[in-house]
Amino acid sequence: MSSAKQAVKEILNELPTLLAVAVVETETGMPLASHSNLSDFDIETAAAYNTEVVKQKLKAVQALKLNQTVQDILLTLTDQLHVIKLSPKGDKFIYLAVNSRDTNLAVARQILKSQTAVLN
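Being a predicted model, the structure only gives us computed values, none of them experimental.

**Student:** What is the right way to look at the overall build of the protein chain in this model?
**Tutor:** A count of helices and strands for the protein chain gives 3 helices and 5 strands. Secondary structure of the protein chain in N-to-C order comes out as α-β-β-α-β-β-β-α. By the compact-globule yardstick of 14 Å for 120 residues, the protein chain fits well, its C-alpha radius of gyration being 13 Å. Taking all 120 residues of the protein chain together, 42% fall into the buried category. Long-range contacts, defined as pairs at least 24 residues apart, comprise 49% of the intrachain contacts of the protein chain with a sequence gap of at least 6. When the accessible surface of the protein chain is split by element, carbon and sulfur atoms take 52% of a total near 6,900 Å². In the protein chain, 12 side chains carry a positive charge and 12 a negative one; their mean positions are 9 Å apart.

**Student:** Just to check I follow, could you spell out unusual backbone geometry for this structure?
**Tutor:** The general pattern is negative phi for most residues beyond glycine and trans for most peptide bonds. Backbone geometry places lysine 65, a non-glycine residue, at a positive phi of 50°. Tracing the backbone through its elements, the reader meets lysine 65 in the loop between helix 2 (43–63) and strand 3 (72–76). One non-glycine residue, asparagine 67, adopts positive backbone phi at about 55°. Considering the arrangement of structural elements, one finds asparagine 67 in the loop between helix 2 and strand 3. Taking relative accessible area as the criterion, asparagine 67 reaches 76% and is therefore assigned exposed.

**Student:** Can you walk me through the pattern of salt bridges in this structure?
**Tutor:** Close approach of charged atoms lets side chains of opposite charge pair. Evaluation of the coordinates by the stated rule reveals 2 salt bridges. With its nearest N and O atoms 3.0 Å apart, the salt bridge here joins arginine 109 to aspartate 72. Here the residue arginine 109 occupies a position in helix 3 (residues 105–117), and aspartate 72 occupies one in strand 3, the gap between them amounting to 37 residues. Here aspartate 91 and lysine 92 are joined by a salt bridge, their closest N and O atoms 3.5 Å apart. With relative accessibility at 11%, the residue lysine 92 sits in the buried group.

**Student:** Just to check I follow, could you spell out the nonpolar core for this structure?
**Tutor:** What tends to happen in soluble globular proteins is that the nonpolar side chains get buried as a cluster. The biggest cluster of nonpolar side chains holds 18 residues, and the ones touching the most others in it are Ile11, Leu15, Leu18, Val21, Val23, Ile94 and Leu96. Only helix 1 (3–14), strand 1 (20–25), strand 4 (80–86), strand 5 (92–99) and helix 3 provide two or more residues apiece to this core. With 4 residues, the top contributor of residues to this core is helix 1.

**Student:** What exactly am I supposed to notice about the environment of glutamine 56 here?
**Tutor:** With respect to the secondary-structure elements, glutamine 56 resides in helix 2. Taking relative accessible area as the criterion, glutamine 56 reaches 43% and is therefore assigned partly exposed. With 37 residues separating them in the primary sequence, glutamine 56 and leucine 19 have C-alpha atoms 25 Å apart.

**Student:** Could you clarify how one ought to interpret helix 2 in this entry?
**Tutor:** An α-helical segment advances 3.6 residues per turn. Residues three or four places apart therefore align on the same side. Its 21 residues place the ends of helix 2 30 Å apart at the C-alpha level, agreeing with the 30 Å of an ideal helix rising 1.5 Å per residue. Against the buried residues of helix 2 lie strand 1, strand 2 (31–36), strand 3, strand 4 and strand 5. Structurally, the start of helix 2 carries an N-cap: the backbone nitrogen of glutamate 44 is 3.2 Å from a side-chain oxygen of aspartate 42. Phi for lysine 65, located one or two positions after helix 2, is positive at around 50°.

Conventions adopted
Residues numbered from 1 in each chain as written. Predicted model: local features only at pLDDT ≥ 70, side-chain atom pairs only at ≥ 80, totals over all residues. Heavy atoms only, no water. Helix = DSSP H or I, 4+ residues; strand = E, 2+ residues; numbered from the N terminus. Rg over C-alpha atoms; globule rule 2.2 N^0.38 Å. Buried < 20%, exposed > 50% of the residue type's maximum accessible area, 1.4 Å probe, protein only. Contact = heavy atoms within 4.5 Å. Areas by Shrake-Rupley, 256 points an atom, 1.4 Å probe, with all protein chains shown as cover. Lys, Arg positive; Asp, Glu negative; His and termini not counted. Charge placed at Lys NZ, Arg CZ, Asp CG, Glu CD. Salt bridge = Lys/Arg side-chain N within 4 Å of Asp/Glu carboxyl O. Core = buried A, V, L, I, M, F, W, Y, C linked by side-chain atoms within 4.5 Å. Expected span 1.5 Å × (residues − 1). Polar contact = N/O pair within 3.5 Å; in protein donor to acceptor, adjacent residues only side chain to side chain.

Interpretation in functional terms is not warranted from these geometric data alone.
Put into structure tokens, the structure is as follows:
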């Protein structure tokens, strides 16, 4: 099993109520593995748009000469949390969407951190 598929499986095991999760290639926006618990959640569209978010944030950090590495990006919606966690090399990221009422953000971030560490 690929590391992307394994990561999605592990995240799903630890956060079974998640809305959607995908491991995405940063350069192309292609989901390498994904899962959605919502039939109308288009994970490919989400992956493509969130790739643009990642690319723009990386450009902003570089333009501002911050000499920093983007760890993760958090988007808070009305009743959802969307977390983008970059892999150590930044060539992939995990995109996670959860319901904010039934997910602890700190726990979700820790799970994503452990799973991005093993992406190759």
